Amino acid sequence: MRVLITREIPQAGINILHQYRGIEIDYRQGKPLTPAALAKAIKGVDAVVPVIPDQITKEIIKEAGRSLKLIATYSVGFDHIDTEWATKKGIYVANTPGDLTESVAEHAFSLMMALARKISEADRFCREGNYKYWDPLGFIGPKMMGKTLGIIGFGRIGQHFAKMAKYGLDMEILYTDPASHPEAEMLLNAKKASLDELLGNSDVVSLHCNLCDNTRHLIGENEFQKMKPLAFLINTARGPVVNEAALATALENGIIAGAALDVFEKEPVIKKELLALQNVILTPHIASATWEARIQMARMTAENIVDVLIGQKPPRYLVNKELQSKECISSLA
Ligand code: DGY
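Residues numbered from 1 in each chain as written. Predicted model: local features only at pLDDT ≥ 70, side-chain atom pairs only at ≥ 80, totals over all residues. Heavy atoms only, no water.

## Considerations on the sheet that holds strand β9 (residues 204-207)
- Read across the open sheet, the 7 strands follow the order β8-β7-β6-β9-β10-β11-β12; overall the sheet is parallel. Two strands in the sheet have a free side with no partner beyond their single neighbour: β8 (191-192) and β12 (280-282).
- Relative to β12, strand β11 (residues 258-261) runs parallel, the two being bridged by 3 bridges. Across the sheet, residue A259 finds its bridge partner in β12, namely V280. (Pairing = 2+ DSSP bridges. Helix = DSSP H or I, 4+ residues; strand = E, 2+ residues; numbered from the N terminus.)

## Quick word on the UniProt feature "domain: D-isomer specific 2-hydroxyacid dehydrogenase catalytic" (unreviewed entry) in the chain
- The sites that carry the UniProt feature "domain: D-isomer specific 2-hydroxyacid dehydrogenase catalytic" (unreviewed entry) are, in the present numbering, residues 3-316.
- Helix and strand shares over residues 3-316 are 38% and 14% respectively, and the end C-alpha atoms of the span are 17 Å apart. (UniProt positions renumbered as here; feature names shortened; annotations may be inferred.)

## Description of the nonpolar core
- One finds F154, M171 and I305 to be the most contacted residues of the largest nonpolar core, which totals 55 residues.
- Each of domain 1 (2-99 + 291-323) and domain 2 (101-282) contributes no fewer than three residues to this core.
- In this view, F154 contacts Q159, A162, I173, Y175, T176, D177, H181, A184, L188 and A190; residues no more than four positions away in its chain are not counted.
- Listed in part, the 29 residues of the second largest apolar core include I219, I256, L274 and L277. (Core = buried A, V, L, I, M, F, W, Y, C linked by side-chain atoms within 4.5 Å. Buried < 20%, exposed > 50% of the residue type's maximum accessible area, 1.4 Å probe, protein only. Domains from an automatic or database assignment. Contact = heavy atoms within 4.5 Å.)

## A look at the pattern of salt bridges
- Scanning the model with the defined rule gives 11 salt bridges in all.
- A salt bridge links R127 to D123, with the shortest nitrogen-to-oxygen separation between them at 2.6 Å. Placement of both R127 and D123 in helix α6 (residues 119-127) is noted, with a separation of 4 residues, approximately one turn of the helix.
- When its relative accessible area of 66% is taken as the criterion, R127 is described as exposed.
- With a closest N to O distance of 3.2 Å, D196 and K226 form a salt bridge. (Salt bridge = Lys/Arg side-chain N within 4 Å of Asp/Glu carboxyl O.)

Take a look at the structure:
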């Protein structure tokens, strides 16, 4: 059985797969595959392990042919996969949920503190040889203790960030989410709010929602107008949740005070307007980049593959739950 892995991942996952003689790995370890190279490499495989930038479209799935049983993404997000089409064709889509919760939340927390304390700007200042004397008014920012954190998308990651902010900095927590979370509300004294209430009352707004039709450009010009002028925006979720052009305008005109982005609308392209601004921190989609998370993601990916190819059962971290009770039936008919 053939498995295509499109990028190098931690060895822990490869070691699991090597325990099974029947699994033959086509392990690509260089630069990302172009769509054409991916279309070629995926032909005839039983399972594919893509990463976030690999677009697993309907066309790519068709290129795989009838053998494809599983798309086991090395990520928790799966918006790069045409899951609807995969489901229609009886192909399992699996991901790596849960393992990166703390890591992504820690990154969001770091970005919040870096924004408040102007860490990136101060670092650039030192490197550029500008530190000539101590300045009583230099790099002053807000203290975060007791401020209000607004979390959009109160799932595992959002709640973990809220927990760190509550217990570390005694921050007030507001959240928006389609679901209510009474337990977290009780534990963190968090309050569910409308989007407008959250935007108007938060000192920091942090995005932790999925990308879907409802969240695409959720934060744009109107939303920035509703935020406090000294507020910060943090995005470690998905780039297209924010209208980047509107964000650049808001930052340039002081509508909000700053932003930190780990994800971008058209990754890996970063708008030149954003690159030119001092009050935005940019990181290259690294929120889950801890050894612990990435190694565990590799293990979970391998477990998904073993479940399907060796165990002949649905993968344990199944995304398209509609296929839970179905036999694996890859069919392009
Ligand atoms: C994910 O897993 O969805 C992150 O964005 C990358 O690790």
